[in-house]
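# Chains, contacts and geometry: an overview
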Amino acid sequence: MSGVVLYCPQKIKGGEFMQMYKPVKSFKLRPGLYLENGRVMHEGEEFCSIGVNYFGAFVNELVTPQEKEIQRVFKQLKDNGIRYFRANWGLFWPIDYAQWADKEDEYFAAMDRVVALAEQNDLGIICSFFWHLRGISDYYCEPACAWGDRNSRTRKYMLDYMKKVIGRYKESPAIYMWEFSNEFNLTIDLPNRRELRAEQRQLPQLGVRLLQDDRDDFFTEFATPLLEDFGRLCREFDPYDRLITSGNGEPRPTQYAQRMYDLWPDRPDSRPEMAKALLWHNPDPLDCVSIHSYDLLERFPGSESYEGLFTAFMEESAKLNKALFIGEFHGLQLDKAKATIDAIVKTRVPLSAAWAIGRVEYTVDSEPETRDALLKYIKDANAKLSAKG
């Protein structure tokens, strides 16, 4: 990897010095993906392409760099014409934050290697900042509601980490989008939240707080302002206005009723009710509507197929002047993956990513034949999307 990571010392406020990343490749017009008249754009041209989830791109390089996993995975992506991947751009459990708290140089050196190699391979990264929110608040021995308190240590970490990461990589053409978290919305307004707390207590060896109470429950009332603040900070730190996404899954089929009545209703939300939940979970200045689509659930009329579901989400996203991003869909179940990809091509969803490649739970690497077939199917689908463009 000699020659891949380049540094430039930069004086920062307070007289301290911080090593800053210098891109190994430049951009032609502006770095990353951006929205223009409701269309996703890249380097001045409309962008519509299917990618993959590579959860461990950074984490695996940080923990086991000797395995050289990213070189292998990046080659697979490059060989199959896949242009971008979605990655956990931080840690996960509280114990992970404790382990790396005093190793910032090593931490960012690993991240630098991933970004530099992505640049060299013309790959884009969707950077998901805070994949597991409770990992951070538990590390700081604060309840989960600390995410809604701007004066908490959790929120101060959020601000500091975003400032460091965006400041370090904002000039890199490999950074395509900024993402808040992973499926944060699926933990919001849960009528069975009290029972779920007991499950969290089963993991003390990972640093999870044992004493949890109603302060550890997530509600829309502070989730939406938190996402708004995340978007505002992205805009403040990134002068290029890259796409910003929540990383959320589809709203639960009863999300509206859960918030309004604090119960599991006997019918799914109507489409107008779903649209309201969609805005709660993807507020301005976020310019993407994020969903994760696996099995088809009972919803409003017209959503019985992937094509119908994606058509509805595309239409509702357009009303909000946002791009639709299917951040996860089936990879290992090849029949469902193909059905999803076919619907993505038909509805021209601009951004989507299969789950998942590399070393992670439920990886397609566990079944090489399935992985190769999936990547080939994505390659062919991207050719169709490019031809239609």
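The text that follows walks through the structure, step by step, so that each part is easy to find.

Definitions and cut-offs
Residues numbered from 1 in each chain as written. Predicted model: local features only at pLDDT ≥ 70, side-chain atom pairs only at ≥ 80, totals over all residues. Heavy atoms only, no water. Helix = DSSP H or I, 4+ residues; strand = E, 2+ residues; numbered from the N terminus. Rg over C-alpha atoms; globule rule 2.2 N^0.38 Å. Buried < 20%, exposed > 50% of the residue type's maximum accessible area, 1.4 Å probe, protein only. Areas by Shrake-Rupley, 256 points an atom, 1.4 Å probe, with all protein chains shown as cover. Expected span 1.5 Å × (residues − 1). Pairing = 2+ DSSP bridges. Axes fitted to C-alpha atoms, helices over the stretch in contact; angles between N-to-C directions. 1 Å grid on protein atoms, 1.4 Å probe; cavity = no way out; pocket = protein on both sides within 12 Å on 5 of 7 lines; lining within 4 Å. Points joined across faces, edges and corners; volume = space filled by probe spheres on them. Nonpolar A, V, L, I, M, F, W, Y, C, P; charged D, E, K, R; others polar.

### With respect to the overall build of the protein chain
- The number of helices and strands found in the protein chain is 13 helices and 13 strands.
- On C-alpha atoms alone, the protein chain measures out to a radius of gyration of 20 Å, which is about the 21 Å that the 2.2 N^0.38 rule sets for 389 residues.
- Principal axes of the C-alpha set define a box for the protein chain whose edges measure 60 × 55 × 40 Å.
- Evaluated residue by residue, the protein chain yields a buried proportion of 56% over its 389 residues.
- By element, 51% of the accessible surface of the protein chain is carried by carbon and sulfur atoms, the whole surface being about 16,700 Å².

### A word on helix α4 (residues 104-120)
- A rise of 1.5 Å per residue sets the reference length of α4, with its 17 residues, at 24 Å; its end C-alpha atoms lie 24 Å apart and thus fit the reference within 8%.
- Of all 17 residues in α4, 13 are buried, a share of seventy percent or more.
- Looking one or two residues beyond α4, the residue adopting positive phi is aspartate 122, at roughly 55°.

### Re the sheet that holds strand β8 (residues 124-130)
- With parallel pairing, the 8 strands of this open sheet are ordered in space as β10-β9-β8-β7-β6-β13-β12-β11. Each edge of the sheet is formed by a strand with only one pairing partner; in this case those strands are β10 (243-245) and β11 (288-293). The average angle at which neighbouring strand axes cross in this sheet is 25°, direction not considered.
- Bridge analysis of strand β7 (residues 84-88) against β8 gives 5 bridges, and the strand direction is parallel.

### Remarks on the layout of surface pockets
- In this structure, the largest pocket occupies an estimated 1,100 Å³ of space.
- Contributing to the lining of the largest pocket are 35 residues, with Phe92, His132, Asn182, Glu183 and Thr187 lying nearest its centre.
- Taken together, the elements giving at least two residues each to the lining of the largest pocket come down to α5 (133-139) and α7 (193-200).
- Among the elements that make up the lining of the largest pocket, the one with the highest residue count is α7 (5 residues).
- By residue class, the composition of the lining of the largest pocket is 15 nonpolar, 9 polar and 11 charged.
- Counted as a void, the second largest pocket has a volume near 550 Å³.
- Lining of the second largest pocket is provided by 28 residues; of these, His42, Glu43, Phe47, Arg83 and Tyr176 occupy positions nearest its centre.
- Sorting the residues of the lining of the second largest pocket by element identifies β5 (45-46), α4 and α13 (368-388) as the ones contributing at least two each.
- The element that contributes the greatest number of residues to the lining of the second largest pocket is α13, accounting for 3 residues.
- Among the residues forming the lining of the second largest pocket, the class breakdown is 10 nonpolar, 8 polar and 10 charged.

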